[in-house]
Amino acid sequence: MSDRPWSSTAPPGEFRTYISADETLKEFTLRAVILGALFGLLFGAITVYVGLRAGLTVSASIPISVLSISILRAFGRSTILENNIVQTTGSAGESLAAGVMFTIPALIFLGFGSEFTFWRIFPLALLGGWLGVLFMVPLRRQLIVKEHGNLAFPEGTACADVLVAGERGGSFAGRVFWGLGLGGIYTFLMKTVLAWTEQPEARPSWFPGASFRANITSEYLGVGYIIGPRVAGILFAGGIVSWLVIMPAIKFYGQLAGNTPIYPSTIPIPQMTPDDLWRSYIRPMGAGAVAAAGLITLLRTMPTIISALRAGLKDVRAEGAGQSGASSRIDRDVPMRWVIAGSVLIIAMMWVLLTFHPMQGAQTQWYQNLFAGVFVVVFGFLFVTVAGRISGLLGNSSNPVSGMSIATLMATCAIFFLAGWTAPNYAVLALMIGGVVCTAAAIAGATSQDLKTGYLVGATPFWQQMGLLIGVTVSTVAIGATLNLMNKGLEKYLPTQIGVNLQALPSGVKIERDTFIYQGKTYALINSLGSHEIPDGEYLYDPGTKQIEFQWAQGIGSDKAPAPQARLMATVINGILNQRLPWRLVLMGVTLVIAVEILGVRSLAFATGMYISVATTAAMFAGGLIRSLVEATTKKKDESEASPGALYSSGLIAAGGVFGLLGIIINLLQDPEVSTHTPHWFSSLLGLPWRADLFSFGPKIMGPLATSNLFGIFMFALLAASLFYFARKKLN
């Protein structure tokens, strides 16, 4: 097969698939589906972990392809079509995770954190995933086949090249495994053993309000290398403006405020730490910046959106008229009647979910729920069409999922506002519509790349589409579980003393739950959102002392998992429905983005960097610098996703995700109350709870080095040196 004259970029008149339509090879086999599903579980969980922390995701198709070639070869000879099914099924997890984590965690920021459970996340993610796969079926011929030569589909074409170069699979996979191994050892020693600090930091007294810090994880280094020095530099520039310009300015001028808090903070500025400044003032600015940048990106692609819709609707009409029936194996799609029936089923399931399993305090009428189901399908088709074409033109990394989600939320909230539906339950309804549509658009962008890979190598579209449906269904389990795990594993109960009168709560404060048990004591759960008296968050109120005693700081939204896109969605919904926003801060972010656009810089990366912690963007910038250094010393651009450095970086990202989640699980098993939340036999079997210092023996062995900033930076420099070495070492 490998001797056949074949090129993935051959012009339409000369192109032929690598496996011809007449050949019949093993394709949709049990081992391929099982391995793909396992990769979907793994990379879905990793993407959620890295995405919540960094606000970015990277494609998993190439790593899955090279690992599939290596693993299936160990079980006997595999075909290129089997490997294609593995990567198609597995990559669904990564794209599904992106759509879900950008939106659904906004439930926490809207004041429904106690409802953020697996059984809330799972059905919404599943509906969005199915919708994205089904709506790409009628678009495949138009976007993938007829537009061959016009739409590049860069990730899909690169993945096809990797599959065809399968004879080199051992060398490719070896590079990923080196990154996974060294990155895993580094992450375990740093996060679980605590052999060195995870975030070196300096707060110089000569520059009050500023903080020099870097979160020296393997996944940030890998992400920075893959996105390259320019994007990593723009991200870091956003962080510099926030943490080293705006925050010191707030601290400088805030000295005049004395002991008077300035909204939205409830702490006087002279007493605020850099983290307090970031949470209170930078986040609203960053939300305005990200919203503006997302809408600018959407407007920039409007001509593409209009042409994509016209082409998509034309192809659907042709399909419905029976003008594009399958004449061979490589033309066989899922039947259109399945797509129509699936769309009706999704509307029905959405209605049932909202009507018969509503969130506590967020019930809506049956006709409003039916409206939501229809809205999801209409906006879903609109943005699936857009996502597929933009991914073909510019690549999946340029798919403006956030912008399309903001547009969906703004349209939905505007209709709700005009209808007078402004209560908190309608905010949840708007979020559910936006969440499903966002997930569908994210899936569609990745699915179009997978279908392009299949078209180039000669796969059967029907089996790819079945693999995608299986991958979406299976990986939803991992995504829901990981979101829940991170939210519980990173949560904290912070002692907070605030006097409150339950009979006369301040504006923006409500009772979320009458009884909430913590450490064997019963509290009332109070939620504050947009209040001038109590900072945003959830609090435990003691009826005996008549005051708040603890803040329930959930894991998602903390500095370790800031979830910037999800907080932005909550900001958009609140801003339109409740008009409770620090608008001056939001508008500062908007105007800063306009200035950046005028300078000729694409603002979305800058806005994201402005919003998330500079510790994150600094580590990514280090990865970008390594790539720049590699390109300078090898005298060639390292742009391929299958390059040595990109493959090693994929291993670093996977290692950071896997061992980061392992650390969270260990943290949960060390919780003194874990035995009350798990079956007795399980607690007895594992001897729960574990000692707090069972694994974290690093400080005992390393002494002062375990908390030394310089030693942490030195270990990160060693990891960066390994990336430089493997990025320059050629594949065999």
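Note that this is a predicted model, so its numbers are computed, not measured. (Residues numbered from 1 in each chain as written. Predicted model: local features only at pLDDT ≥ 70, side-chain atom pairs only at ≥ 80, totals over all residues. Heavy atoms only, no water.)

### Let's talk about the overall build of the chain
Along its length, the chain carries 25 helices and 7 strands. In summary, the chain has a C-alpha radius of gyration of 25 Å against a globular reference of 27 Å for 732 residues, a match within 12%. Across its three principal directions, the C-alpha atoms of the chain cover 80 × 60 × 60 Å. Within the chain, the fraction of its 732 residues that count as buried is 59%. In the chain, the proportion of contacts linking residues at least 24 apart, taken out of those at least 6 apart, comes to 79%. For the chain, the computed accessible surface area is about 28,600 Å², with 65% contributed by carbon and sulfur atoms. Taken as two groups, the 49 positive and 39 negative side-chain charges of the chain have centres that lie 4 Å from each other. (Helix = DSSP H or I, 4+ residues; strand = E, 2+ residues; numbered from the N terminus. Rg over C-alpha atoms; globule rule 2.2 N^0.38 Å. Buried < 20%, exposed > 50% of the residue type's maximum accessible area, 1.4 Å probe, protein only. Contact = heavy atoms within 4.5 Å. Areas by Shrake-Rupley, 256 points an atom, 1.4 Å probe, with all protein chains shown as cover. Lys, Arg positive; Asp, Glu negative; His and termini not counted. Charge placed at Lys NZ, Arg CZ, Asp CG, Glu CD.)

### Topic: the packing of aromatic side chains
Summed over the entire model, instances satisfying the criterion amount to 38 aromatic pairs. Look at F252 and Y253: their rings are 5.1 Å apart centre to centre, the planes differ by 80°, and that puts the pair in the edge-to-face class. The interplanar angle of 45° and the centroid separation of 6.2 Å between the aromatic rings of F371 and F416 together place this pair among those described as tilted. Note that F371 is positioned in helix α13 (residues 366–394) and F416 in helix α14 (residues 401–419), a separation of 45 residues in sequence. Assessed through its relative accessible area of 24%, F371 is described here as partly exposed. Among the aromatic residues, ring-to-ring pairing joins F371, F375, F379, F383, F416, W421 and Y426 into one connected group. Of note, R332 hangs over the ring of W463, and the distance from its end group to the ring centre comes to 5.7 Å. Sitting over the ring of Y225, R627 keeps its end group 5.9 Å from the ring centre. (Phe/Tyr/Trp six-rings, centres within 6.5 Å; stacked < 30°, edge-to-face > 60°. Lys NZ or Arg CZ within 6 Å of the ring centre and 35° of its normal.)

### A look at the sheet that holds strand β5 (residues 521–528)
Sheet strands pair via backbone hydrogen bonds, and the direction of the pair is either parallel or antiparallel. The strand order across the open sheet built from 5 strands is β3-β7-β6-β5-β4, with neighbouring strands paired in antiparallel fashion. Unpaired on one side and paired on the other, β3 (492–499) and β4 (509–518) mark the two borders of the sheet. Neighbour-to-neighbour, the strand axes of this sheet turn through a mean angle of 30°, independent of strand direction. Taken together, the 6 bridges between β3 and strand β7 (residues 547–553) define a ladder with antiparallel strand orientation. Counterpart to K492 in the pairing with β7 is A553. (Pairing = 2+ DSSP bridges. Axes fitted to C-alpha atoms, helices over the stretch in contact; angles between N-to-C directions.)

### Comments concerning the pattern of salt bridges
As enumerated under the stated definition, the model contains 18 salt bridges in all. A salt bridge links R213 to D275, with the nearest nitrogen and oxygen atoms 3.1 Å apart. Of the two residues, R213 sits in strand β2 (residues 212–213) while D275 sits in helix α10 (residues 274–300), which places them 62 residues apart along the sequence. On the basis of relative accessible area, R213 is assigned to the buried category, the value being 8%. The structure contains a network of salt bridges with shared partners spanning R53, K191, E198 and E219. (Salt bridge = Lys/Arg side-chain N within 4 Å of Asp/Glu carboxyl O.)

### Some remarks on a nonpolar patch on the surface
A cluster of nonpolar side chains, namely W366, Y367, L370, V374 and V378, defines an oily patch on the protein surface of about 490 Å² accessible area. For V374, a relative accessible area of 39% gives the class partly exposed. (Patch = residues over 30% accessible without salt bridge, like charges linked within 9 Å, V, L, I, M, F, W, Y side chains within 5 Å.)

### What to know about the environment of V86
Assignment of secondary structure puts V86 in helix α3 (residues 80–103). In this structure, the C-alpha to C-alpha distance between V86 and T29, residues 57 residues apart in sequence, is 9.6 Å. Apart from the residues lying within four places of it in its own chain, the contact partners of V86 are A32, L35, G36, F39, I64, S68 and L72.

### Concerning the packing of helix α9 (residues 218–254) against α10
Each packed pair of helices is defined by two parameters, the angle between the axes and the distance between the axes. Interaxial distance between α9 and α10 falls to 10 Å at its minimum, and their mutual angle equals 105°. If you check the angle between α9 and α10, you find them roughly perpendicular. Taking contact as the criterion, the partners of S242, W243, I246, M247, I250 and K251 in α9 are, on α10, P274, D275, L277, W278, Y281, I282 and M285. (Parallel < 35°, antiparallel > 145°, perpendicular 65-115°, else oblique.)

### Considerations on helix α19 (residues 603–611)
Buried residues dominate α19, accounting for 8 of its 9 residues. Inspection of α19 places S603, A605, F606, A607, T608, G609, M610 and Y611 among the buried residues, and these make up the whole buried set. Residues of α19 that are buried make contact with α9, α10, α17 (564–577), α18 (583–598) and α20 (614–634).

### Structural notes on the pairing of β5
When you tally the buried positions in β5, you get 6 out of 8 residues, the bulk of the element. Looking at chain direction, β4 and β5 are connected through 7 bridges and run antiparallel. Bridge assignment links K510 to a residue of β5, and that residue is N527. Between β4 and β5, which pair antiparallel and follow one another directly, the connecting turn spans 2 residues, one of which, Q519, has a positive phi of 55°.

### Topic: the confidence of the model for the chain
Predicted confidence across the chain gives a mean pLDDT of 84, with 92% of residues reaching 70 or more. At the low end of the mean pLDDT range in the chain sits helix α11 (residues 302–320), at 63; at the high end sits helix α25 (residues 709–728), at 95. (pLDDT = per-residue confidence, 0-100.)

### Concerning the environment of F416
Exposure remark for F416: the relative accessible area of 0% places this residue in the buried category. For F416 and G380, which are 36 residues apart along the polypeptide, the C-alpha to C-alpha distance reads 19 Å. If near-sequence neighbours (up to four positions away) are discounted, F416 is found in contact with F371, W421, Y426, L429, A430, I433 and L577.

### Overview of the side chain of S280
Here S280 shows up in helix α10. Beyond its immediate chain neighbours, meaning those up to four positions away, S280 contacts P264, S265, M272 and L585.

### What to know about the nonpolar core
The biggest cluster of nonpolar side chains holds 198 residues, and the ones touching the most others in it are L52, L483 and M486. Examining the composition of this core, we find that 20 residues originate from one element, helix α15 (residues 424–457), more than from any other. Leaving out residues up to four positions away in the same chain, M486 has contacts with V48, Y49, L52, G555, A561, L661 and I664. (Core = buried A, V, L, I, M, F, W, Y, C linked by side-chain atoms within 4.5 Å.)

### Concerning unusual backbone geometry
Looking along the chain, the bond that leaves Y263 and enters P264 is cis, with omega of 10°. Examined against the element boundaries, P264 turns out to sit in the loop between α9 and α10. The peptide bond linking L688 to P689 adopts the cis configuration, its omega dihedral lying at -5°. Among the structural elements, P689 can be located in the loop between α23 (680–686) and α24 (698–702). Notably, L194 is not glycine yet its phi reads approximately 60°, a positive angle. Residue placement: L194 occurs in the loop between α8 (169–192) and β1 (201–202). With phi around 55°, Q519 is a residue other than glycine that occupies positive phi space. Position of Q519 relative to the elements: it lies in the loop between β4 and β5. Judged by relative accessible area, Q519 falls into the exposed class, the value being 55%.

### A word on the packing of helix α1 (residues 30–54) against helix α2 (residues 61–74)
Between α1 and α2, the least distance of the axes is 11 Å, while the angle of their chain directions is 135°. On the basis of their axis angle, the class for α1 and α2 is oblique. When the axes of α1 and α2 are compared, the crossing they make is right-handed. Together, R31, L35, F39 and F43 of α1 and P63, I64, L67, S68, I71 and L72 of α2 make up the contact between the two elements. Of the residues assigned to the contact of α1 with α2, the class counts are 8 nonpolar, 1 polar and 1 charged. (Left-handed = near helix turned anticlockwise from the far one by under 90°. Nonpolar A, V, L, I, M, F, W, Y, C, P; charged D, E, K, R; others polar.)

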